[in-house]
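Chains, contacts and geometry: an overview
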Amino acid sequence: MRFVLTELAGLDQVAQLPGFDEATPDVVAAILEEAAKFAATVMSPLNVVGDREGAKRLEDGTVRTPPGFKDAYRQFCDNGWNGLTKSTEYGGQGLPILLGTAVEEMWHASNLAFNLCAMLTQGAIESIELAGTSSLKDKFLPKMVAGAWSGTMNLTEPQAGSDLAAVRTKAIPQGDGTYKLQGQKIFITYGEQDYTENIIHLVLARTPDAPEGVKGISLFVVPKFLVNADGSLGARNDVLCTSIEHKLGIHASPTAVLVYGDHGGAVGYLVGEENHGLEYMFIMMNLARFSVGLEGVGIAERAYQRAVAYARDRVQGKVVGMDKGAKATPIIEHPDIRRMLMTMRANVEAMRAVAYVTAAAMDNASHHPDPAARKRHHAFVDFMIPIVKGCSTETAQQVASLGIQVHGGMGFIEETGAAQHYRDARIITIYEGTTGIQANDLIGRKTARDAGAVAKSVASEIEKVAKDLSNHADASLKVIGARLQEAVAAARSTVDWVVLSFGANTRAAHAGAVPYLELWGLVTGGWQLGRAALIAAKHLHDGTGDARFMKAKIQTARYYADCLLPHATSLARTITEGGDSVLAVAADQF
Ligand SMILES: Cc1cc2nc3c(=O)[nH]c(=O)nc-3n(C[C@H](O)[C@H](O)[C@H](O)COP(=O)(O)OP(=O)(O)OC[C@H]3O[C@@H](n4cnc5c(N)ncnc54)[C@H](O)[C@@H]3O)c2cc1C
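So, here's what we can say about the structure. Computed from a predicted model, the values in this text were never measured in an experiment. (Residues numbered from 1 in each chain as written. Predicted model: local features only at pLDDT ≥ 70, side-chain atom pairs only at ≥ 80, totals over all residues. Heavy atoms only, no water.)

Some remarks on helix H17 (residues 547-564)
- For H17, built from 18 residues, the straight-helix expectation of 26 Å at 1.5 Å per residue is met to within 8% by its first-to-last C-alpha distance of 25 Å.
- Tucked into the core, H17 has its buried residues touching helix H1 (2-8), helix H8 (335-367), helix H14 (475-504), helix H16 (513-542) and helix H18 (567-577).
- Its side-chain oxygen at 3.1 Å from the backbone nitrogen of arginine 548, aspartate 546 defines the N-terminal cap of H17. (Helix = DSSP H or I, 4+ residues; strand = E, 2+ residues; numbered from the N terminus. Expected span 1.5 Å × (residues − 1). Contact = heavy atoms within 4.5 Å. Polar contact = N/O pair within 3.5 Å; in protein donor to acceptor, adjacent residues only side chain to side chain.)

Examining the site of the ligand
- With respect to spatial proximity, 18 residues lie near the ligand, and among them Thr156, Ser162, Phe187, Thr189 and Thr434 are the closest.
- Threonine 189 has a polar side-chain atom sitting 2.7 Å from a nitrogen atom of the ligand.
- A distance of 3.0 Å is found between a nitrogen atom of the ligand and a side-chain nitrogen or oxygen belonging to asparagine 440.
- Against a free-state accessible area of 970 Å², the protein chains account for coverage of 62% of the ligand.
- Residue assignment for the shell around the ligand shows that the elements contributing at least two residues are strand S3 (149-154), strand S5 (178-189) and helix H12 (435-448).
- It is S5 that contributes the most residues to the shell around the ligand, 3 residues altogether. (Near = heavy atom within 4 Å. Areas by Shrake-Rupley, 256 points an atom, 1.4 Å probe, with all protein chains shown as cover.)

Points about the pattern of salt bridges
- Summed over the entire model, instances satisfying the criterion amount to 27 salt bridges.
- Across the pair arginine 345 and glutamate 349 runs a salt bridge, and its minimum N-O distance is 3.7 Å. With arginine 345 and glutamate 349 both in helix H8 and 4 residues apart, the pair spans about one turn of that helix.
- Residue class for glutamate 349 comes out buried when judged on its relative accessible area of 14%. (Salt bridge = Lys/Arg side-chain N within 4 Å of Asp/Glu carboxyl O. Buried < 20%, exposed > 50% of the residue type's maximum accessible area, 1.4 Å probe, protein only.)

Focus: helix H6 (residues 134-146)
- Helix length check: H6, at 13 residues, gives a terminal C-alpha distance of 18 Å against a target of 18 Å (1.5 Å per residue), a fit within 8%.
- Approximately 40° is the largest bend angle found in H6, and it occurs at phenylalanine 140, with the proline proline 142 only one to four residues beyond.
- Regarding H6, the residues found buried are Leu136, Lys137, Phe140, Leu141, Met144 and Val145.
- Against helix H5 (97-131), S3, strand S6 (198-205), strand S7 (218-223), strand S8 (225-227) and strand S12 (266-271) lie the buried residues of H6.
- Positive backbone phi, approximately 90°, marks glycine 147, located one or two places after H6. (Bend = angle between axes of the 7 residues up to and from the residue.)

Side note on the packing of H8 against H17
- Remark: H8 packs on H17, axes separated minimally by 9 Å, with the N-to-C direction vectors making an angle of 105°. Put simply, H8 runs roughly perpendicular to H17. Together, Arg339, Met342, Thr343, Arg345, Ala346, Asn347, Glu349 and Ala350 of H8 and Ala552, Lys553, Gln555, Thr556, Tyr559, Tyr560 and Leu564 of H17 make up the contact between the two elements.
- Its residues placed into classes, the contact of H8 with H17 shows 7 nonpolar, 4 polar and 4 charged. (Axes fitted to C-alpha atoms, helices over the stretch in contact; angles between N-to-C directions. Parallel < 35°, antiparallel > 145°, perpendicular 65-115°, else oblique. Nonpolar A, V, L, I, M, F, W, Y, C, P; charged D, E, K, R; others polar.)

Regarding the nonpolar core
- Core analysis: the biggest nonpolar cluster contains 143 residues, and Trp107 and Trp520 have the highest contact counts within it.
- Ignoring anything within four residues of it in the chain, the contact list for tryptophan 520 reads Phe383, Ile387, Leu442, Ala455, Val458, Ala459, Ile462, Ala491 and Val495.
- Counting residues in each nonpolar core, the second largest holds 32 residues, with Leu120, Phe140, Trp149 and Leu164 among its members. (Core = buried A, V, L, I, M, F, W, Y, C linked by side-chain atoms within 4.5 Å.)

Some thoughts on the environment of tyrosine 560
- When you line up the elements, tyrosine 560 lands in helix H17.
- Sequence separation of tyrosine 560 and glutamate 22 is 538 residues, and the distance between their C-alpha atoms is 37 Å.
- Those residues in contact with tyrosine 560, other than ones at most four positions away along the chain, are Ala346, Asn347, Ala350, Gly521, Leu522, Gly525, Gly526, Leu529, Leu565 and Pro566.

Looking at the side chain of serine 110
- By the secondary structure assignment, serine 110 is in helix H5.
- Serine 110 sits in the buried class, given a relative accessible area of 5%.
- When neighbours within four sequence positions are excluded, serine 110 is seen to be in contact with Ala39, Met43, Ser44, Asn47 and Arg302.

Regarding the packing of helix H3 (residues 25-53) against H5
- One way to put it is that H3 packs onto H5 with a least axis distance of 9 Å and a crossing angle of 5°. The orientation of H3 relative to H5 falls into the category roughly parallel. Contacts between H3 and H5 involve Val28, Ile31, Leu32, Ala35, Ala36, Phe38, Ala39, Met43, Ser44, Leu46 and Asn47 from the first element and Leu99, Ala102, Val103, Met106, Trp107, Ser110, Asn111, Leu112, Phe114 and Asn115 from the second.
- For the contact of H3 with H5, the per-class residue count stands at 16 nonpolar, 5 polar and no charged.

Examining the pairing of strand S4 (residues 170-173)
- For S4 and S5, the ladder comprises 4 bridges, and the chain directions are antiparallel. For isoleucine 172, the partnering residue across the bridge sits in S5 and is lysine 180.
- Counting the residues between successive antiparallel strands, the hairpin from S4 to S5 contains 4 residues, one of them, glycine 175, with a positive phi of roughly 85°. (Pairing = 2+ DSSP bridges.)

Here you go:
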């Protein structure tokens, strides 16, 4: 993590940006150490408890979370983790998102279900901060930043999942600046819990004369308990949790059905202007989508660590092609186990690097003194969000599955823990917009809309790295460079195809959307591992850093180049030639 933060994502540069004076090397080192300690000693031991006990008991409208979770949440907030990257104006520490990203990865790896509460609160804070009035901010943000009140995100309704145009919850103006909300929201993460004294719901709803579709959606703050003028808690608002879902994974995270307005209407406060709700929600969703991508990195890292430990320990069979005598050996010596571990390792390192580099661009997009640089970083972040969300989460499925495979039969048995990672990981390709929705975003808004301009500028950056690798004296780096060049050429060719087809053959373009997303995930991963190899080679040449670690960076990049990057050319073929086959069989023939 430190290598990626400093060598690839440029933490030193980020820490120099105006407003990040507190992010000194000492502070950064202390925060990473303390986060690691908290994750390992408080959050991680509760992961299995949460899975076993779950948050499924609804008593008098309140959910009982698993033993130890409430206390861990209190410690989490008392230690200031909730406000790490939040504005100092409302009690946060104002530290870079890049640093928060490394810390958050540890939270996700140690206990994904626990961290979802804090993650959604962050998103809710962001929306209120960017679009709320000063009175909304003053009323809600200090308590939310401190973690005393949590935040939720209420988009989904039974008929409105991926398609938010179908949202039906009503918001009736009361003439005093407030609204009364009526409707039902489903699948609301931490929609009810016993960690905090108040829950601040951010709710999408329609005012009576709102236009049809997404242009008629507004965003409201609806607290579980109304807040008096002096900041104390007032009457219970008319929002009730009527049931809690039973799920495949993330058992400790309550998933609530919330009913608004069964007793006359839930009091809500408009965020920003009417009918602009989706824009504001997207502020929250972008951050949340990035965080869900990080969930993929964290959970995959944990699955990898567990698989390595098991593979060192489990003795089975004699190794082929090595002189180890007649004795059975640990399975880590089997070439196929190595293949699986290398696939896990290379993917995790690639996903982490891509996510952290995107986080650094977020900090630059908001804090860089030069407006042109801010704009450039912003465009890069917009392009990368669906890639980080879509690809890290899909890759995490593969990594968690390989984690089970390395364990053999014991992987399928719950006590090793490998199965929990697999089950927990399964939701991340679904919430915050499914992979299909991320892919639509990437081909439409992020590629076709600007005729591939940002995509091509990213390709140019990758080509520069491929060239530096190809020109390097080291034979291994040359190979990495050649493979990266082939892969980025494949990506470039598909950009042109997407731009042409998006209007002309829309259905075929959409049929290739997920492979297009995968292709970009693969190539941007290769880009960052290629950079890592160049940096590691320099350290080896200069005699700086840990030589074994640096060699492993090059070997991992080489594995990625030899065994994963070649898929780029076949993905390009699928994208540009597969659409008609995807659509050939009629709907009634399935
Ligand atoms: C555990 C859990 C927690 C959740 N937490 C929250 C939360 O806190 N707040 C909240 O508001 N929601 C939450 N959700 C809801 C989640 O965001 C939705 O389930 C998700 O967006 C998908 O919507 P859907 O379930 O209605 O599926 P659908 O939209 O019906 O999708 C079904 C399938 O069709 C595909 N599909 C749909 N439309 C398209 C399209 N245009 N192009 C291509 N493919 C398409 C999808 O990719 C998917 O494969 C949660 C869900 C779960 C299960």
